[in-house]
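# Structural features, examined
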Amino acid sequence: MWQLIGYSAGVAFGFFWGLFLIAQWRRDNSLVDMGWGSGFVLVSGFAFFAAGHFTTRALVALILVAVWGLRLTYHIVRRNWGKPEDFRYAKWREEWGRWVVPRAFFQVFMLQALFLMVIVYPVLLIQSSARPGFGPLDIAGVLVWVTGFLFEAVGDRQLARFKSDPQNKGKVMRTGLWRYTRHPNYFGEATMWWGLFLLALSVPWGWTGIIGPLTITCLLRFVSGVPMLERKLRGRPEFEAYARVTNAFVPWFPKGDREASYTTSSNNTTR
């Protein structure tokens, strides 16, 4: 297992090293976002064939990672190609000045390679195990993954359609899945990794794979996902009104709906 993880780490860091070189040539460090999903596919595929066990569980895990990673890569490339460097990386480029190249290498590309290895760890556990079978826990993992995939894919699609309408310029998306969470795509991505963790629970040391979904959930909710995006939106009256009634991450009914439901329930009880 540890040998497989070591070789997989070499693949991950080599991949992000290559992305770094291309990004410096293009002067666009947001290229790292375009390679995020495909990096998982590359590492998971390498581990699957390098381990050579080819169990049903290992194949399912690879397929799930590939579907998620390739869809995400396509979505981000389609959204960002031909546009200026993402505002987050442009800001860092300005702040880092002459140190932008070494800091981008370590704090963006190599750091993302490290996070990738931590997050993909439950999949590597699955690929390294020769234990056969596919039981109820595995089925539950697939169902959780499908739920997360729908939140991410549908949420991205709804937002893209909303932003493509010129009449919505400057407005905040508040319909569809975005009515129940301010970040259905981030919630969906985290949920998918919880599903893969459930798959890992059926192999030796699978419980240690919890570090993967915990890491991606914390990153999206508290570090690089929700906080960085919302920092750009704070102060806008429409967004502030939206944020007051809508959960940031876990989907739930807007506060107005909850209060109305509670009032109706209380009135019915009184009657």
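Residues numbered from 1 in each chain as written. Predicted model: local features only at pLDDT ≥ 70, side-chain atom pairs only at ≥ 80, totals over all residues. Heavy atoms only, no water.

Moving on: the overall build of the protein chain. Scanning the protein chain from N- to C-terminus turns up twelve helices and zero strands. Taken over the C-alpha atoms alone, the protein chain extends approximately 65 × 55 × 25 Å along its principal axes. Long-range contacts, defined here as pairs at least 24 residues apart, represent 81% of the contacts in the protein chain between residues at least 6 apart. When the accessible surface of the protein chain is totalled, it reaches about 14,200 Å², and 66% of it is carbon and sulfur. Distance between charge centroids for the protein chain: 1 Å, based on 30 positive and 16 negative side chains. (Helix = DSSP H or I, 4+ residues; strand = E, 2+ residues; numbered from the N terminus. Contact = heavy atoms within 4.5 Å. Areas by Shrake-Rupley, 256 points an atom, 1.4 Å probe, with all protein chains shown as cover. Lys, Arg positive; Asp, Glu negative; His and termini not counted. Charge placed at Lys NZ, Arg CZ, Asp CG, Glu CD.)

Attention now goes to the pattern of salt bridges. Inspection of the entire model under this criterion finds nine salt bridges. In this structure, the salt-bridge partner of arginine 57 is aspartate 138, at a minimum N-O distance of 2.8 Å. Taken together, the positions of arginine 57 in helix α3 (residues 56-80) and aspartate 138 in helix α7 (residues 136-163) put the pair 81 residues apart, joining distant regions of the chain. Residue arginine 57 is classed as buried on the basis of its relative accessible area, which comes to 3%. (Salt bridge = Lys/Arg side-chain N within 4 Å of Asp/Glu carboxyl O. Buried < 20%, exposed > 50% of the residue type's maximum accessible area, 1.4 Å probe, protein only.)

Right, let's talk about the packing of helix α1 (residues 2-26) against helix α2 (residues 31-51) for a bit. Where α1 contacts α2, the two axes come as close as 9 Å, and the packing angle between them is 150°. By the angle between their directions, the pair α1 and α2 is classed as roughly antiparallel. Seen along the crossing, α1 lies across α2 with a hand that is right-handed. Contacts between α1 and α2 involve Leu4, Tyr7, Ser8, Val11, Ala12, Phe15, Phe16, Leu19, Ile22 and Ala23 on the former and, on the latter, Leu31, Val32, Gly35, Trp36, Ser38, Gly39, Leu42, Val43, Phe46, Ala47, Ala50 and Ala51. Taken together, the residues of the contact of α1 with α2 sort by class into 18 nonpolar, four polar and no charged. (Axes fitted to C-alpha atoms, helices over the stretch in contact; angles between N-to-C directions. Parallel < 35°, antiparallel > 145°, perpendicular 65-115°, else oblique. Left-handed = near helix turned anticlockwise from the far one by under 90°. Nonpolar A, V, L, I, M, F, W, Y, C, P; charged D, E, K, R; others polar.)

Further remarks concern a positive patch on the surface. Residues Arg79, Lys83, Lys163, Lys232 and Arg236 make up a contiguous surface patch of positive charge. Take arginine 79: it is sitting in helix α3. Of the residues examined, arginine 79 reaches a relative accessible area of 38% and is grouped as partly exposed. (Patch = residues over 30% accessible without salt bridge, like charges linked within 9 Å, V, L, I, M, F, W, Y side chains within 5 Å.)

Let us now look at the packing of aromatic side chains. Under the counting rule described, the total for this entry stands at 22 aromatic pairs. Taking the centre distance of 5.9 Å and the plane angle of 80° together, the rings of tyrosine 180 and phenylalanine 253 count as edge-to-face. In this pair, tyrosine 180 sits in the loop between α7 and α8 (184-200) while phenylalanine 253 sits in the loop between α11 (237-245) and α12 (255-270), placing the two residues 73 residues apart along the sequence. Overall, tyrosine 180 belongs to the partly exposed group, its relative accessible area being 28%. Here a set of aromatic residues connected by ring pairs shows up, and it is made of Trp17, Phe20, Phe105, Phe106 and Phe109. In this arrangement the basic side chain of arginine 26 is found over the ring face of tryptophan 81, its NZ or CZ atom lying 4.8 Å from the centre. (Phe/Tyr/Trp six-rings, centres within 6.5 Å; stacked < 30°, edge-to-face > 60°. Lys NZ or Arg CZ within 6 Å of the ring centre and 35° of its normal.)

This part takes up the side chain of aspartate 86. By the element assignment, aspartate 86 lies in the loop between α3 and α4 (87-96). Only 2.8 Å separates the side chain of aspartate 86 from the side chain of arginine 88, close enough to count as a polar contact. Residue contacts for aspartate 86: discarding those within four places in its chain leaves Asp28 and Ser30. (Polar contact = N/O pair within 3.5 Å; in protein donor to acceptor, adjacent residues only side chain to side chain.)

Now for the environment of glycine 133. Residue position: glycine 133 is located in the loop between α6 (121-128) and α7. Judged by relative accessible area, glycine 133 falls into the partly exposed class, the value being 41%. Taking the C-alpha atoms as reference points, glycine 133 and threonine 56, 77 residues apart in sequence, are found 6.9 Å from one another. When near neighbours in sequence (up to four residues on either side) are disregarded, glycine 133 contacts Arg57 and Asp138.

Now for the confidence of the model for the protein chain. In regions of low pLDDT, the predicted coordinates are not meant to be interpreted in detail. Within the protein chain, residue pLDDT values average 90, and 94% of them lie at 70 or more. Element-level pLDDT for the protein chain is lowest in α12, with a mean of 44, against a maximum mean of 97 in α8. Note on residues 259-271: pLDDT under 50 across the span, and zero contacts to partners over four residues away in sequence or across chains. (pLDDT = per-residue confidence, 0-100.)

A few words on the side chain of threonine 246. As for its position among the elements, threonine 246 is in the loop between α11 and α12. A residue is classified by how much of its surface remains accessible, and threonine 246, at 6% relative accessible area, is buried. A polar contact of 3.1 Å, which involves the side chain of threonine 246, links it to the backbone oxygen of tyrosine 242. Discounting residues that sit within four places of it in the chain, threonine 246 has contacts with Trp178, Arg179, Tyr180, Thr181 and Arg182.

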